[in-house]
Amino acid sequence: VKDESSKHQPDYDDIITTLPVGESWNLPSNLYKYQGFWCTPEFLNGVISAKQRFKPLDKDVILCTYPKSGTNWLKALAFSIMTRTKFDFSSHPLLTTPPISCVSYIEFEHAQGVDASREFPLTSTHIPYSSLPDSIISSDCKIVYICRDPKDVFVSWWYHVNYFVCNDKGPISLEKAFDLFCQGIVLFGPFWDHVLEYWKASLERPDKILFLKYEDLKRDPSYYVKNLAVFMGYPFSLQEKAEGCVEKIIELCSFETLGNLEVNKSGKLQGAIVDAEHPAKIFFRKGKIGDWKNHLTGDMANRLDRIIEEKLSGSGLKF
Ligand code: A3P
């Protein structure tokens, strides 16, 4: 879906080594605080490089997420909405390619020194709104953000991070990780700042930023997928609706379909940051609302709920 058009070697260690350092969730790299959010040096190289070099395409749609909030689901949906006249559902790229490889990732690519030329005006990022490249903010491109109950995000994160731990510290305990999450010390966190910035921006510029919730999309996919298509500039025609195109996309992108595909069960992820050894299935765990109930105690849930309530108070955003 993508090919490389130019390469450079990002190296912003002189900036990164001056930043405040935070605990790394037992991952090999520390977290550094840059412009108010926590990030590893690898990603920071990508973030800073993207700020200087990223140029959106005309009519670009940029999928922005806090990690573990449904990024891959949104990628699959947006990709299949945008490309639906190009691909047949029976031989669709998503049947043989993980969603993460169908949609480019701004900071991943910039970390690897790649400005990818893109076939479709669709890309993605975890960069917080206030640290996005100016070229995005000042452009006419559209942003789609999806958020998710922070308790489910945390549990999903904890599993995800423990897949990547490959040093003598071993996996991080749920309790330790939870404490760091509640302090806001987590990759691309604090979670609440990430969500709030996009939420406020979506209220200020509803024509430019669509704010979705994972839970809403789960409960009423038909409504939100049609909305998403309209917002992206690819509305479904009456004929497409009559022919069941919306339902076909929902079915193709469902957790059940994607999670059961061989490529997402046993495929390997490519790339310099996401190590080639790591399996695509880390992005397809349970796909449920409320799995936190199987992991967090009542006290833990109350602690995070209270923090989120306080941080979001007055914003109109609730989980
Ligand atoms: P769980 O770990 O709770 O199962 P991201 O794509 O942002 O990394 O988020 C991953 C989370 O989304 C995981 O949550 C994963 O199982 C879930 N997920 C992946 N694909 C999905 C889909 N098609 N529908 C719903 N949830 C999905």
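Scroll up to find the structure this text is about.
Not measured: the values here are computed from a predicted model. (Residues numbered from 1 in each chain as written. Predicted model: local features only at pLDDT ≥ 70, side-chain atom pairs only at ≥ 80, totals over all residues. Heavy atoms only, no water.)

Chemist: When you look at the overall build of the chain in this model, what are you seeing that I'm missing?
Modeler: Helix and strand content of the chain: 16 helices and 10 strands. On C-alpha atoms alone, the chain measures out to a radius of gyration of 19 Å, which is about the 20 Å that the 2.2 N^0.38 rule sets for 319 residues. In terms of principal-axis extent, the alpha carbons of the chain reach across some 55 × 50 × 45 Å. Classification of the 319 residues of the chain by burial places 58% in the buried group. Here the contacts in the chain between residues at least 6 apart in sequence split such that 73% fall between residues at least 24 apart. Carbon and sulfur atoms form 50% of the exposed surface of the chain, whose accessible area is close to 14200 Å². Measuring between centres, the 37 positive side-chain charges of the chain sit 3 Å from its 41 negative side-chain charges. (Helix = DSSP H or I, 4+ residues; strand = E, 2+ residues; numbered from the N terminus. Rg over C-alpha atoms; globule rule 2.2 N^0.38 Å. Buried < 20%, exposed > 50% of the residue type's maximum accessible area, 1.4 Å probe, protein only. Contact = heavy atoms within 4.5 Å. Areas by Shrake-Rupley, 256 points an atom, 1.4 Å probe, with all protein chains shown as cover. Lys, Arg positive; Asp, Glu negative; His and termini not counted. Charge placed at Lys NZ, Arg CZ, Asp CG, Glu CD.)

Chemist: Teacher, can you tell me more about the site of the ligand here?
Modeler: Taken together, 18 residues sit near the ligand, with Thr71, Ser156, Tyr214, Arg285 and Lys286 positioned nearest. Within the side chain of Asn72, one N or O atom sits 2.7 Å away from an oxygen atom of the ligand. For the ligand, the protein covers 98% of the area, taking 570 Å² as the surface of the free molecule. Contributing elements (two or more residues each) for the shell around the ligand: helix H3 (71-82) and helix H10 (214-219). With 3 residues, H3 is the single largest residue contributor to the shell around the ligand. Across the shell around the ligand, the residue classes tally to 6 nonpolar, 7 polar and 5 charged. (Near = heavy atom within 4 Å. Polar contact = N/O pair within 3.5 Å; in protein donor to acceptor, adjacent residues only side chain to side chain. Nonpolar A, V, L, I, M, F, W, Y, C, P; charged D, E, K, R; others polar.)

Chemist: Help me understand the pattern of salt bridges in this model?
Modeler: Side chains bearing opposite charge may pair, as long as their charged atoms lie close to each other. Counted by the stated rule, this structure contains 9 salt bridges. Between Lys151 and Asp305 there is a salt bridge whose closest N-O contact spans 2.9 Å. One end of the pair, Lys151, is in helix H7 (residues 150-164); the other, Asp305, is in helix H16 (residues 298-312), with 154 residues separating them in the sequence. Notably, a salt bridge pairs Arg303 with Asp179, separated by 2.9 Å at the nearest N-O pair. Placement of the pair is Arg303 in helix H16 and Asp179 in helix H8 (residues 174-183), with a sequence separation of 124 residues. Ionic contacts of the salt-bridge type, sharing partners, join the residues Asp149, Lys151 and Asp305 into one network. (Salt bridge = Lys/Arg side-chain N within 4 Å of Asp/Glu carboxyl O.)

Chemist: Would you mind going over H8 with me for this structure?
Modeler: Every α-helix winds through 3.6 residues per turn, so residues three or four apart in the chain are directed the same way. Within the sequence span of H8, burial applies to Leu174, Ala177, Phe178, Leu180, Phe181 and Cys182. Phi for Gly184, located one or two positions after H8, is positive at around 90°.

Chemist: Honestly, the nonpolar core in this entry has me stumped. Any pointers?
Modeler: A general tendency of soluble globular proteins is for nonpolar side chains to be buried together. Counting residues in each nonpolar core, the largest one holds 71 residues, and the members touching the most others are Trp25, Leu44, Tyr66, Ile143, Phe154, Trp157 and Phe181. Setting aside its immediate chain neighbours within four residues, Phe154 contacts Trp25, Leu174, Ala177, Phe178, Phe181 and Leu296. In this structure, Ala78, Ile146, Phe236 and Cys253 belong to the second largest nonpolar core, which totals 37 residues. (Core = buried A, V, L, I, M, F, W, Y, C linked by side-chain atoms within 4.5 Å.)

Chemist: Would you explain the packing of helix H11 (residues 221-232) against helix H13 (residues 245-252) in this entry?
Modeler: Between two packed helices, what matters for the description is the angle formed by their axes and the separation of those axes. One can describe the packing of H11 onto H13 by two numbers: an axis separation of 10 Å at closest approach and a directional angle of 105°. One finds that H11 runs roughly perpendicular with respect to H13. Across from Pro221, Ser222, Val225 and Lys226 in H11, the residues of H13 making contact are Val246, Glu247 and Ile250. Looking at side-chain class alone, the contact of H11 with H13 contains 4 nonpolar, 1 polar and 2 charged residues. (Axes fitted to C-alpha atoms, helices over the stretch in contact; angles between N-to-C directions. Parallel < 35°, antiparallel > 145°, perpendicular 65-115°, else oblique.)

Chemist: What is the right way to read the packing of aromatic side chains from this model?
Modeler: Here a ring pair, both rings aromatic, is described through the centre-centre distance and the interplanar angle of the planes. The final tally for this structure, using the stated rule, is 23 aromatic pairs. A connected cluster of aromatic rings, assembled from ring pairs, spans Trp25, Tyr66, Phe154, Trp157, Phe178, Phe181, Phe191 and Phe319. The cationic tip of Lys142 hangs over the ring face of Phe231; the distance from NZ or CZ to the ring centre is 4.9 Å. The ring of Trp73 has Lys218 lying over it, and the distance from NZ or CZ to the ring centre is 5.6 Å. (Phe/Tyr/Trp six-rings, centres within 6.5 Å; stacked < 30°, edge-to-face > 60°. Lys NZ or Arg CZ within 6 Å of the ring centre and 35° of its normal.)

Chemist: Which parts of the structure should I look at to understand the sheet that holds strand E5 (residues 61-65)?
Modeler: The strands that make up a sheet are held in pairs by hydrogen bonds between backbone atoms, and each pair lies either parallel or antiparallel. The strand order across the open sheet built from 5 strands is E6-E8-E5-E9-E10, with neighbouring strands paired in parallel fashion. The open sheet has two free edges, formed respectively by strand E6 (104-105) and strand E10 (209-213), since each of these has just one partner strand. As judged from the 2 bridges shared by E6 and strand E8 (residues 122-125), these two strands associate in the parallel manner. Bridge pairing in E8 places Ser104 opposite Thr123. Packed onto the sheet, H3 meets E5, E6, E8, strand E9 (142-147) and E10 and runs at close to 165° relative to E5. (Pairing = 2+ DSSP bridges.)

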